[in-house]
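The lines below spell out each chain.
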Amino acid sequence: MIVDGKEMILAGLTKEDKTYAASNLNALQVALSRVADGETIKLEEDIAFTEGANGTTNGISYTSATNFTLDLNGKTVTSNLGNNALRFKIGDGNDISNTEVTITIKNGTVVSGADNWCAISASAVNGNKLILNLEDLNVENSKSGDFAIKSWEGTVINAKKV
């Protein structure tokens, strides 16, 4: 259904041109499953992860080969589920190989609580390469002895105002 020029996908999720607008956890997960190359997912509200993505203890667990932007739009995503707030592992559990993927996260805050290992974890397996651009981003990790951002194999992280 189209309302005021925006496609209404489900409660809390609209799409206009190449931008999804997500205002809750379910809407964000659906947008991540639908996003195409060159598109943007923009948060409309703060989001606290209350359940892990795809049965994991990660707030987001993204493994596909899509080049996109996650615009936090001045909002905060928070996770205290036990692993990573935002996990990007290109090629994990699928047939994607030898592919370069660029993901940009910008304009907001990622908070990883005291029970989480990491705020942002990035890697690529099976010959893939992940370029993770972090721009105008606050990253907070509360767990003693661990990292705010982890970079594993096959990953390049570019940071600007992080």
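Quantities reported herein were computed from a predicted structural model and do not represent experimental measurements. (Residues numbered from 1 in each chain as written. Predicted model: local features only at pLDDT ≥ 70, side-chain atom pairs only at ≥ 80, totals over all residues. Heavy atoms only, no water.)

Engineer: What should I look at first to understand the overall build of the protein in this one?
Structural biologist: Helix and strand counts for the protein stand at 1 helix and 15 strands. Against the compact-globule benchmark of 15 Å for 162 residues, the protein has a radius of gyration of 15 Å, which places it among compact chains. Along the three orthogonal principal directions, the C-alpha set of the protein runs to about 50 × 35 × 30 Å. Residues classed as buried in the protein amount to 44% of the 162 residues present. Counting contacts in the protein only where the partners sit at least 6 residues apart, residues at least 24 apart contribute 72% of the total. Element-wise, carbon and sulfur atoms account for 43% of the exposed surface of the protein, whose accessible area totals about 7,600 Å². (Helix = DSSP H or I, 4+ residues; strand = E, 2+ residues; numbered from the N terminus. Rg over C-alpha atoms; globule rule 2.2 N^0.38 Å. Buried < 20%, exposed > 50% of the residue type's maximum accessible area, 1.4 Å probe, protein only. Contact = heavy atoms within 4.5 Å. Areas by Shrake-Rupley, 256 points an atom, 1.4 Å probe, with all protein chains shown as cover.)

Engineer: I'm lost on the packing of aromatic side chains in this one. Help?
Structural biologist: The description of an aromatic ring pair uses the distance of the two centres, along with the angle that the planes make with each other. In this structure the tally under the stated criterion is 2 aromatic pairs. Both rings, one in Y62 and one in F68, keep their centres 5.1 Å apart while their planes meet at 65°; by these two values the pair is edge-to-face. Here Y62 and F88 contribute two aromatic rings whose centre-to-centre distance is 6.3 Å and whose plane-to-plane angle is 55°, an arrangement assigned as tilted. Here Y62, found in strand β7 (residues 60-62), pairs with F88, found in strand β10 (residues 84-90); they are 26 residues apart in sequence, far enough to count as distant. You can call F88 buried: its relative accessible area is 1%. Linked through ring pairs, Y62, F68 and F88 together constitute an aromatic cluster. (Phe/Tyr/Trp six-rings, centres within 6.5 Å; stacked < 30°, edge-to-face > 60°.)

Engineer: Got a minute to help me understand unusual backbone geometry in this structure?
Structural biologist: Among all residues save glycine, negative phi is the norm, and among peptide bonds the norm is trans. Of note, D17 is a non-glycine position whose phi angle comes to about 55°, a positive value. Within the secondary structure, D17 is located in the loop between β3 (13-16) and β4 (19-22). The backbone of D136 sits at a positive phi, close to 45°, despite the residue not being glycine. Look at D136 and you get partly exposed, because its relative accessible area is 36%.

Engineer: Is there a simple way to explain a nonpolar patch on the surface in this structure?
Structural biologist: A cluster of nonpolar side chains, M1, V3 and M8, forms an exposed patch at the surface whose accessible area comes to about 300 Å². Relative to the assigned elements, M1 resides in the segment before β1 (2-3). (Patch = residues over 30% accessible without salt bridge, like charges linked within 9 Å, V, L, I, M, F, W, Y side chains within 5 Å. Salt bridge = Lys/Arg side-chain N within 4 Å of Asp/Glu carboxyl O.)

Engineer: Teacher, can you tell me more about the layout of surface pockets here?
Structural biologist: Over the atoms, a rolled probe matching the size of one water molecule traces out where space is still vacant. There is about 180 Å³ of room inside the largest pocket. Forming the walls of the largest pocket are Q29, L32, S33, V35, A53, N54, I60, S61, Y62, T63, S64 and T66. Those elements that provide at least two residues to the lining of the largest pocket are α1 (25-34) and β7. (1 Å grid on protein atoms, 1.4 Å probe; cavity = no way out; pocket = protein on both sides within 12 Å on 5 of 7 lines; lining within 4 Å. Points joined across faces, edges and corners; volume = space filled by probe spheres on them.)

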